[in-house]
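Descriptive analysis of the structure
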Amino acid sequence: MRDDEFAADDASATAISAASGHGAAADEAPRIVTVPPELAGERLDKVLAKVFPEFSRSRLQSWIEAQRVHVDGKPAKVRQPVPLNATIELVPDLLPEQLAFTPEPVPLEIVYEDETIVVINKPAGLVVHPAAGNWSGTVLNGLLHRYGDAAAGLPRAGIVHRLDKETSGLMVVARTLAAQTDLVRQLQARTVKRRYVALVWGGMPEEGTIDAPIGRDPRERTRMAVVTGASGKPARTHFRRVATVVWERQPVTAIHCDLETGRTHQIRVHCAHTGHPLLGDPVYGRARGKRSVTPLPGGFARQALHAWRLGLVHPETRRTMQWRADVPDDLAALCEALGFNREEADDFDEDAYLGDDTAYEPMSLEAREADDDDIEAMEDDSDTEAGFDEEEEEGEDNTADADVDQNAEAGRDPDIEAAREVRHEEGRTAPRDATHADRGDPRHKNKDHRR
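Residues numbered from 1 in each chain as written. Predicted model: local features only at pLDDT ≥ 70, side-chain atom pairs only at ≥ 80, totals over all residues. Heavy atoms only, no water.

What follows covers the overall build of the protein. When you go through the protein residue by residue, the secondary structure sums to 12 helices and 15 strands. The proportion of buried residues among the 451 residues of the protein is 56%. About 18400 Å² of surface is accessible on the protein, with carbon and sulfur atoms providing 48% of the total. (Helix = DSSP H or I, 4+ residues; strand = E, 2+ residues; numbered from the N terminus. Buried < 20%, exposed > 50% of the residue type's maximum accessible area, 1.4 Å probe, protein only. Areas by Shrake-Rupley, 256 points an atom, 1.4 Å probe, with all protein chains shown as cover.)

Take a look at the structure:
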């Protein structure tokens, strides 16, 4: 999930407005040329490569096959010879990246909506923001379709945090610039509360905090990793064990994770770093060897991670609000097949989630300032996940190496970063009230809540 916490930038706003606010067409204007004498008799594909050098040969060939090329008014073929003084008409379609910020009827499950914010329950498989490999069919495209010019006028159509492509669950989107600014400030102040349900390999301690900086893996730049030095950004994940079962002679633990920061793939990286990778994780799952890539019941083939709860202060009314999203059917079925039960589900303490001001211990001043810089610059060092939110998906919601090592550019002190370590021992003081009732079952399903 690059950082899920990012604010508005004018470049994204301009890109969205240019594409959607002016009704971007699917085709560019036709291009018409007359074949010069020196190219007469040549094959069409070779002629096109010379008269339209701005396009690749493969793209030109695809346009011929799609009947976007006409010679003297007739659909052309790749190998046909082109006569002298023939008229060639080419109608290019827009490149995928040119279509990225256009409205599309992408189905969005709306959990809550008013004039200021909208809360979405994102299914697994849906990318949040267009990027290489996923230029269309994203949450952003759906927001532009649903809200039109209002969304087109906002940076990233109002998105303030993200989830990995294969992570399901709740995310909030702003509908006004004022709301977007306020939500970014709440992310800075840690008043946006995000709780995830995750299934991990191995037996986890009852509760604890994983405090380890995350950056791009120096050995494999498409992955993230726990790193030290200037390239690692402060990252902190609080977890609490819900239940542990044994499946195929291997312990599996259901945990709740609360994000204090929102680095790319944070929960996935932190859990793998401690030797407890998420079930089904195709990128970080090998941290426990072959067992972690064992086929799971029902063919479950994504990271077992769901953004279960979301809480924030409404940007306009200033009311504290919270929502819960049902665990999706595939994850619920996996929990049942693994042998988890629901005995604690109905005892969940509603007030504990948002009512505890001590939920997170304050981070160091240096860490807070670094996060503020990240948010204000809207760096995108993935993707997602926040989760991003947590994080973004590598290769899907990924802007890759363009934003690598921006921590170093920001002048962070490597000694401070290296001093941060994993605190992951059993019996650690709970970061919030450790009530039995506040450990709900991962398959717990009920309606949204807000107050």
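Our next topic: the pattern of salt bridges. In total, this model carries 13 salt bridges according to the counting rule given. The residue R195 makes a salt bridge to D258 at a minimum N-O spacing of 2.8 Å. Here the residue R195 occupies a position in strand β8 (residues 193-201), and D258 occupies one in strand β13 (residues 250-259), the gap between them amounting to 63 residues. The pair R195 / D258 is uniform in exposure class, with both members buried. The residue R236 makes a salt bridge to E260 at a minimum N-O spacing of 3.7 Å. Of this pair, R236 sits in strand β12 (residues 236-247) while E260 is found in the loop between β13 and α7 (266-273), placing the two residues 24 residues apart along the sequence. For the pair R236 and E260, a shared accessibility class is recorded, and that class is buried. (Salt bridge = Lys/Arg side-chain N within 4 Å of Asp/Glu carboxyl O.)

Every disulfide links exactly two cysteines, by a covalent bond between their sulfur atoms. Going through the model one piece at a time under the given rule, you end up with 0 disulfides. In this model C257 remains outside any disulfide bridge; the closest cysteine sulfur is found in C271, 4.8 Å from its own. Look at C257 and you get buried, because its relative accessible area is 1%. (Disulfide = S-S within 2.5 Å.)

With that settled, consider the packing of aromatic side chains. Per the stated rule, a full pass over the model turns up 3 aromatic pairs. A ring pair is formed by F55 and W63, whose centres lie 4.8 Å apart and whose planes are at 80°; its orientation type is edge-to-face. For the residue pair F55 and W63, the accessibility class agrees, reading buried in each case. Seen from their ring centres, Y112 and W323 are 5.5 Å apart, and the 45° between their planes marks the pair as tilted. In this pair, Y112 sits in strand β5 (residues 110-113) while W323 sits in strand β15 (residues 320-324), placing the two residues 211 residues apart along the sequence. (Phe/Tyr/Trp six-rings, centres within 6.5 Å; stacked < 30°, edge-to-face > 60°.)

Bringing the sheet that holds strand β1 (residues 31-34) into the picture now. Within a sheet, adjacent strands bond to each other through the backbone by hydrogen bonds, running parallel or antiparallel. In spatial order, the strands read β1-β4-β2-β3; together these 4 strands make up an open sheet with antiparallel pairing. Since the sheet does not close on itself, it has two edges, and those belong to β1 and β3 (74-75), each with one partner. For β1 and strand β4 (residues 87-90), the ladder comprises 4 bridges, and the chain directions are antiparallel. The residue of β4 that forms the bridge with V33 is I88. (Pairing = 2+ DSSP bridges.)

Right, let's get into the environment of V106. Secondary-structure assignment places V106 in the loop between β4 and β5. Spatially, the C-alpha atom of V106 lies 6.8 Å from that of N141, the residues being 35 residues apart in sequence. Filtering out sequence-adjacent residues up to four positions away, V106 remains in contact with L126, G137, T138, N141 and G142. (Contact = heavy atoms within 4.5 Å.)

Mapped onto the secondary structure, H238 falls in strand β12. At a separation of 2.8 Å, a polar atom in the side chain of H238 contacts the side chain of T209. There is a polar contact of 2.9 Å between the side chain of H238 and the side chain of E260. (Polar contact = N/O pair within 3.5 Å; in protein donor to acceptor, adjacent residues only side chain to side chain.)

The next point concerns helix α6 (residues 177-189). For α6, built from 13 residues, the straight-helix expectation of 18 Å at 1.5 Å per residue is met to within 8% by its first-to-last C-alpha distance of 18 Å. Of all the residues in α6, the buried ones are A179, Q180, D182, L183, V184, Q186, L187 and Q188. Positive backbone phi, approximately 65°, marks R190, located one or two places after α6. (Expected span 1.5 Å × (residues − 1).)

This part takes up the packing of helix α2 (residues 44-51) against helix α3 (residues 57-65). Think of two packed helices as two axes; the pair is described by the angle between the axes and how far apart they sit. As a packed pair, α2 and α3 sit with axes 10 Å apart at the nearest point and diverge in direction by 125°. Looking at the two axes, α2 sits oblique to α3. With respect to the hand of their crossing, α2 and α3 are arranged in right-handed fashion. Contacts between α2 and α3 pair L44, D45, L48 and A49 from the former with R57, L60 and I64 from the latter. Across the contact of α2 with α3, the residue classes break down as 5 nonpolar, no polar and 2 charged. (Axes fitted to C-alpha atoms, helices over the stretch in contact; angles between N-to-C directions. Parallel < 35°, antiparallel > 145°, perpendicular 65-115°, else oblique. Left-handed = near helix turned anticlockwise from the far one by under 90°. Nonpolar A, V, L, I, M, F, W, Y, C, P; charged D, E, K, R; others polar.)

Time to look at the pairing of strand β6 (residues 117-122). Burial analysis of β6 places 6 of its 6 residues in the buried class, which makes it a mostly covered element. Burial of the side chains of β6 extends over both faces: I117, V119 and N121 are buried on one face and V118, I120 and K122 on the other. Taken together, the 3 bridges between β5 and β6 define a ladder with antiparallel strand orientation. Residue pairing for β6: E113 is matched across the bridge by V118. Where β5 folds back onto β6 in an antiparallel hairpin, the turn is made up of 3 residues. Both β6 and strand β7 (residues 168-174) contribute to a ladder of 6 bridges, which runs antiparallel. Looking at the pairing, V119 lines up with V172 of β7.

As a further point, take the nonpolar core. One finds I120, L143, Y196, I255 and I267 to be the most contacted residues of the largest nonpolar core, which totals 34 residues. For this core, the secondary structure elements donating two or more residues are β6, α4 (139-147), α5 (149-152), β7, β8, β13, α7 and β14 (305-313). For this core, the element with the most residues is α4, which contributes 5 residues. Residues V47, L60, W63 and I88 belong to the second largest nonpolar core, which totals 19 residues. (Core = buried A, V, L, I, M, F, W, Y, C linked by side-chain atoms within 4.5 Å.)

Relative to the helices and strands, L334 resides in helix α8 (residues 329-338). Taking relative accessible area as the criterion, L334 reaches 1% and is therefore assigned buried. With 34 residues separating them along the chain, L334 and F300 place their C-alpha atoms 7.1 Å apart. Beyond its immediate sequence surroundings of up to four residues, L334 is in contact with L199, L296, P297, F300 and A304.

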